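Architecture and fold: a report
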Amino acid sequence: MAAPMEVALVTDTAGPLCNCSAWELHSGSALPGYRGGNSGPRGLALLGGEHLLGAQLGKSYINVWELQRKDQLQQKIICPGPVTCLTASPNGLYILVGVAESIYLWEVSNGNLLAILNRHYQDLTCLCFTDDSSHFLSGAKDCLALVWNLYSVLQAEPSQIPDPRHVWSRHSLPITDLCCGFGGPLARAATASLDQTAKLWEVSSGELLLSVLFDVGIMAVTLDLSEYHMFCGGMDGSIFQVDLCAWPVQRDRTFQTERENGKVFKGHRNQVTCLSVSTDGSLLLSGSHDETVRLWDIQSKQCLKTMNHKGPVTNAFIVLAPANMLNPDGKPSAPLPKFSKHLHGTESSDEQGSEGLTLRLGLHQQESGESYLEKARKTYSQMYSTREK
C-alpha cells in the first residue's frame, strides 16, 4: 500500500488567474491549481477533506471549491465585512471567520450562523482549532490570544456573550500567528507577535510554559508533530528553530543568533509569512513576501527547493492529500448549503450583535487619560483575574 501523498498548497497576491497552486511535496510535481480570486493571509483552509476555502483578499466573501473541480468555483460564502482570517474544524463540522474584531461561527451541515463573538478590541489576525475540534484559539491586533471552549460557545444563550476559557495577555504588540499541537484540550499552543517573542502555552491550564525573545518581530510560528521543535519566521527573512526539550528548562529565553547559527534557516530576503512541517518532521515549508516558497531539510538547514511566485506569498502549508483532491471523478458526500448571514436564522443580525458592540464602545468612551488598549487590557485583567495566572 502506497504511503499517503503530502501536498503543498500555496497562495499569493499576484492576481485572479490562479488562487491556489498545489504540488507534490517530495517530487515537486505540479498539480492542477484552484482558479478564481486570490486569498489573503491566514485565509486558506481545507473543509472536511472535500472542499477548499479561500478568503478573498480585501473582500467580504469566501470562495469555495470542490477539491476535485479545480477550475470552477462551487459557491461563495458572503460575509458581513472583509475577512481577515478563517479556519475550519478538523472534523469538518464548523467554519470560523474573522471579520474586523468579531469571530463568526457557522455550522457546515445546515449553513446556520451559530455565534458572533465580540471579545477582541482590534482586528482578528489568526484562528485555529485544536486537533479534536473541542477548542479554538483566536489572535488579534489587540495583543490578546483567547482560548474558547466550543461546547460552551454553542450552549450560550443568544443574548449572552460567551466567556473565553483563557485570556493570554503576555504579548505587548499584535499577535501575528498561532498554532496548536496534538492532544485536544491537553495540547500546547504557540503564539507569535510583533513584540519579537514567540510563546508556548498549555491549553488546559492556560499556563505560560515558554517565552523566547528574538531580535526581530515574529510573523509565523509552527510546531513539528512530535513537538520537539518550534519554528519561528522573522520579519528579516530568517527562520529560527527553538528546541523545546533543551536542558536546563527555562521559561524565559533569549535566542542569540550569533551563538545558535546552526539553528537558523537563511535564504528568504523578506519577511516570512507562513510555516509548515511535514508529517515525518524532516521538511519545513516556508512562504515569504520575497515572492518565493522554500522547502528546507530541517536537519541540515539546506534549502532543497525554491518555487518562485509573482507576488508575496500569503499562505503555504502541507497537508495529506484527501482522496477527492487526486480523483477527478470524486464528489463530496453532500453539497454545501447556503450559509446564512444572520444569527440563528433570524431576519436581522443587528440586534444580536448589539451587545458586543455596546461593550466595546463603553470601553472606548471611558473618560480617562489611558490609551484604548490599556483600558481594554485592564478590563480583561479585572474580568478574568480568577483565571489568569
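Residues numbered from 1 in each chain as written. Predicted model: local features only at pLDDT ≥ 70, side-chain atom pairs only at ≥ 80, totals over all residues. Heavy atoms only, no water.

Overview of the layout of surface pockets
As a volume, the largest pocket reaches approximately 1,400 Å³. Around the largest pocket, the lining comprises 44 residues; the ones closest to its centre are Cys180, Ser276, Phe317, Ile318 and Val319. Among the secondary structure elements, those contributing two or more residues to the lining of the largest pocket are strand S4 (39-47), strand S8 (83-88), strand S12 (124-129), strand S16 (175-180), strand S20 (218-223), strand S25 (272-277) and strand S29 (313-320). For the lining of the largest pocket, the residue count by class is 26 nonpolar, twelve polar and six charged. Reported here for the second largest pocket is a volume of approximately 460 Å³. (1 Å grid on protein atoms, 1.4 Å probe; cavity = no way out; pocket = protein on both sides within 12 Å on 5 of 7 lines; lining within 4 Å. Points joined across faces, edges and corners; volume = space filled by probe spheres on them. Helix = DSSP H or I, 4+ residues; strand = E, 2+ residues; numbered from the N terminus. Nonpolar A, V, L, I, M, F, W, Y, C, P; charged D, E, K, R; others polar.)

Some points on the UniProt feature "repeat: WD" (unreviewed entry) in the chain
In the numbering adopted here, UniProt assigns the feature "repeat: WD" (unreviewed entry) to residues 117-150 and 265-306. Secondary structure content for residues 117-150 is 3% helix and 53% strand, while the C-alpha to C-alpha distance between its ends is 12 Å. (UniProt positions renumbered as here; feature names shortened; annotations may be inferred.)

Concerning the pattern of salt bridges
Scanning the model with the defined rule gives four salt bridges in all. A salt bridge links aspartate 243 to lysine 263; its shortest N-O distance comes to 2.7 Å. Within this pair, whereas aspartate 243 is found in strand S22 (residues 239-243), its partner lysine 263 is found in the loop between strand S23 (252-254) and strand S24 (264-265), the two being separated by 20 residues in sequence. (Salt bridge = Lys/Arg side-chain N within 4 Å of Asp/Glu carboxyl O.)

Topic: the confidence of the model for the chain
When pLDDT is averaged along the chain, the result is 86, and 86% of the positions lie at 70 or above. Across residues 383-389 the pLDDT falls below 50, and counting only partners more than four positions away or on other chains, this stretch makes twelve contacts in the model. (pLDDT = per-residue confidence, 0-100. Contact = heavy atoms within 4.5 Å.)

Re the packing of aromatic side chains
Applying the stated criterion across every chain yields a total of eleven aromatic pairs. Here tyrosine 104 and tryptophan 106 contribute two aromatic rings whose centre-to-centre distance is 6.1 Å and whose plane-to-plane angle is 25°, an arrangement assigned as stacked. Note on accessibility: tyrosine 104 and tryptophan 106 belong to one class, buried. Three or more aromatic residues link up through ring pairs in this structure, and these residues are Tyr104, Trp106 and Phe339. A cation sits over an aromatic face here: lysine 76 above tyrosine 61, 4.5 Å from the ring centre. (Phe/Tyr/Trp six-rings, centres within 6.5 Å; stacked < 30°, edge-to-face > 60°. Buried < 20%, exposed > 50% of the residue type's maximum accessible area, 1.4 Å probe, protein only. Lys NZ or Arg CZ within 6 Å of the ring centre and 35° of its normal.)

With respect to the pairing of strand S10 (residues 102-107)
For S10, a buried count of five out of six residues is recorded, marking the element as mostly surrounded by other parts of the structure. Across six bridges, the pairing between strand S9 (residues 94-99) and S10 is antiparallel. If you follow valine 99 over to S10, its bridge partner there is serine 102. A loop of two residues connects S9 with S10, the two strands running antiparallel in sequence, and alanine 100 in this loop sits at a positive phi of about 55°. As judged from the four bridges shared by S10 and strand S11 (residues 113-117), these two strands associate in the antiparallel manner. Note on S11: the bridge partner recorded for tryptophan 106 is leucine 113. If you look at the hairpin formed by S10 and S11, you'll find five residues sitting between the two strands, and glycine 111 has a positive phi there, around 80°. (Pairing = 2+ DSSP bridges.)

Here we look at unusual backbone geometry
One non-glycine residue, glutamine 196, lies in the positive phi region at around 75°. Relative to the elements of secondary structure, glutamine 196 occurs in the loop between strand S17 (188-193) and strand S18 (197-202). You will see that lysine 301, though not glycine, has its phi angle at about 65°, which is positive. Positionally, lysine 301 belongs in the loop between strand S27 (292-297) and strand S28 (302-308). Looking at lysine 301, the relative accessible area reads 13%, which means it is buried.

Remarks on the nonpolar core
If you look at the biggest cluster of nonpolar residues, it comprises 22 residues, and the most contacted ones within it are Leu53, Ile62, Ile95, Val97 and Trp106. Elements represented by at least two residues in this core include exactly S4, strand S5 (51-56), strand S6 (61-66), S8, S9, S10 and S11. Valine 97 has contacts with Ile62, Cys79, Val83, Cys85, Leu86, Ser102, Ile103, Tyr104, Trp106 and Leu127, leaving out every residue within four places of it along the chain. Among the nonpolar cores identified, the runner-up in size contains 19 residues, and Ala198, Leu200, Ile218 and Cys232 belong to it. (Core = buried A, V, L, I, M, F, W, Y, C linked by side-chain atoms within 4.5 Å.)

Describing the sheet that holds strand S19 (residues 208-213)
Two orientations exist for strands paired in a sheet by backbone hydrogen bonds: parallel and antiparallel. The strand order across the open sheet built from five strands is S16-S17-S18-S19-S23, with neighbouring strands paired in mixed fashion. Among the strands making up the open sheet, the edge pair consists of S16 and S23. When the angles between neighbouring strand axes are averaged without regard to direction, this sheet yields 15°. Bridging between S16 and S17 involves five bridges; their strand directions are antiparallel. Looking at the pairing, isoleucine 175 lines up with serine 193 of S17. (Axes fitted to C-alpha atoms, helices over the stretch in contact; angles between N-to-C directions.)

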